[in-house]
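An overview of the molecular structure
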Amino acid sequence: MTCDLANPIFTDEVKATAHMEADRWPDGAYCPHCGSVNVHKMAGKTQAGMFLCNECREKFTCRTGTVFERSHIPLHKWLLATHLMAASKKGMSALQLSRMLGLSYKSSWFMCHRIREGMKPASPSPIGGENKVVESDETFIGGKAKNRAYAKKEPKKHAVMTLVERDGESRSFHVANVKAKTLREKIVTTVSRKSHLMTDELASYEKVGKEFANHGTVNHSADEYVRLGGFEHINTAECRFSLMKRAVFATHHSISEAHLPRYLAEWDFKWNTRKMKDGERAALPLKGAEGKRLTYRGPRGAAHV
Ligand SMILES: [Zn+2]
């Protein structure tokens, strides 16, 4: 599949709809309400893209039950936004997107978050396993005061941990703190216990490390990032973090706590699909868009765009 910006699915609503339908229903449309394949496309200009289910008599489109549902934004703009977000290495801000799509900031802000939701794996599989190394690292992001002159106290920093399988996938979490109990809960539910766990010397890892096949530690402060002939390191996790931090601070400036998990999902998505071509990567959030209709409220109380 070519996915260059000249593709008519990014400018033509009929072609965009046909693309989304083919992508969602490769074997023909079925009703998202009752699952029946006994459906037909409605005729008439005002019902473009509308299907009627002959079983339950409900109407639906290829957007029904996806993060694109209940949006007044044309589908071709959704496809373009998805492509731009998936293809950009550094991430794309809502402001950039609003300029490129000719939409309000509020609308593009919603689009960004819905697309990030589509980037989340539906049921994330555990990482690691026998003879696999999983690195864990934690960092703090945020806390840059825009109005430092007026703000009495430092804005809150958010603790984030990432678990990365070497040559494999990453899973990142916003955590309340970096205490042993908090980190353990994420590690044991994300990483196979047959793995070789590699962490820094934070005391929080000491106990949980014993639950794994092996546990290696690296001392950040000492000059020993790489030991044992290059095996004992957490460079993958650190690299993963530095990519994310550079992008987050360069593109988004500040990220609110409520939306942080979605930014992390976007960065895991980019890491986990780093070997794919842009077109392949851009197709994934469309698949992930299904079954994730969002109902949260935005920063200024608008529920839908
Ligand atoms: Zn039905």
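Values in this document were obtained by computation on a predicted structure and should not be read as measured data.

Our next topic: the overall build of the protein. For the protein, the helix and strand inventory stands at nine helices and eight strands. Counting all 305 residues of the protein, 34% fall into the buried class.

Time to look at the packing of helix 4 (residues 105-119) against helix 8 (residues 260-272). Running from amino to carboxyl end, helix 4 crosses helix 8 at an angle of 55 degrees, the nearest separation of the two axes being 8 Å. One way to sum up the angle between helix 4 and helix 8 is to call them oblique. Considering how the two elements wind past one another, helix 4 and helix 8 form a crossing that is left-handed. When helix 4 is examined against helix 8, the residues His113, Arg116, Glu117 and Met119 are found in contact with a partner set consisting of Arg262, Tyr263, Ala265, Glu266 and Phe269.

A few words on the nonpolar core. Counting 56 residues, the largest nonpolar core has Leu79, Ala81, Met85, Leu97, Met111, Cys112 and Val134 as its most contacted members. Broken down by element, the residue count for this core peaks at eight residues, all from helix 2 (residues 75-87). Contacts of Val134, omitting those with residues within four sequence positions, involve Ile127, Gly128, Leu163, Val164, Glu165, Val191, Ser195, Leu197 and Met198. Judged by nonpolar contacts, the second largest core, of five residues, contains Cys31, Val39, Phe51 and Phe60.

Another point: the pairing of strand 7 (residues 196-200). Taking burial as the measure, the five residues of strand 7 include four buried ones, the bulk of the element. Judged from the three bridges that link them, strand 4 (residues 133-142) and strand 7 form a sheet pairing that is parallel. What sits directly across from Val134, in strand 7, is Leu197. Strand direction decides the pairing type here: strand 7 and strand 8 (residues 214-218), joined by five bridges, are parallel. Across the sheet, His196 pairs through a bridge with Asn214, a residue of strand 8. Viewed along the sheet, the connection from strand 7 through helix 6 (residues 204-209) into strand 8 turns out right-handed.

Now for the packing of helix 3 (residues 94-101) against helix 4. With their axes 8 Å apart at the nearest point, helix 3 and helix 4 run at an angle of 115 degrees to one another. The angle between helix 3 and helix 4 falls in the class roughly perpendicular. Here helix 3 runs over helix 4; the crossing is right-handed. Of the residues in helix 4, those in contact with Ala94, Leu95, Leu97, Ser98 and Leu101 of helix 3 are Tyr105, Ser108, Trp109, Met111 and Cys112.

In space, the three strands of this open sheet follow the order 1-2-3, with antiparallel pairing throughout. Strands at the two margins of the open sheet, each flanked by one partner only, are strand 1 (39-41) and strand 3 (59-60). Across three bridges, strand 1 lies against strand 2 (residues 51-53) in antiparallel orientation. If you follow Lys41 over to strand 2, its bridge partner there is Phe51.

Tracing the backbone shows Arg63 in the loop between strand 3 and helix 2. Residues Arg63 and Pro32, spaced 31 residues apart in sequence, show a C-alpha to C-alpha distance of 9.8 Å. The residues contacting Arg63, other than those within four sequence positions of it, are Phe68, Glu69 and Leu75.

Reading the values: the criteria
Residues numbered from 1 in each chain as written. Predicted model: local features only at pLDDT ≥ 70, side-chain atom pairs only at ≥ 80, totals over all residues. Helix = DSSP H or I, 4+ residues; strand = E, 2+ residues; numbered from the N terminus. Buried ≥ 20, exposed ≤ 12 C-beta atoms within 10 Å, placed from the backbone. Axes fitted to C-alpha atoms, helices over the stretch in contact; angles between N-to-C directions. Parallel < 35°, antiparallel > 145°, perpendicular 65-115°, else oblique. Left-handed = near helix turned anticlockwise from the far one by under 90°. Contact = placed C-beta atoms within 7 Å. Core = buried A, V, L, I, M, F, W, Y, C linked by C-beta atoms within 7 Å. Pairing = 2+ DSSP bridges. Right-handed = clockwise from strand over helix to strand, strands pointing away.

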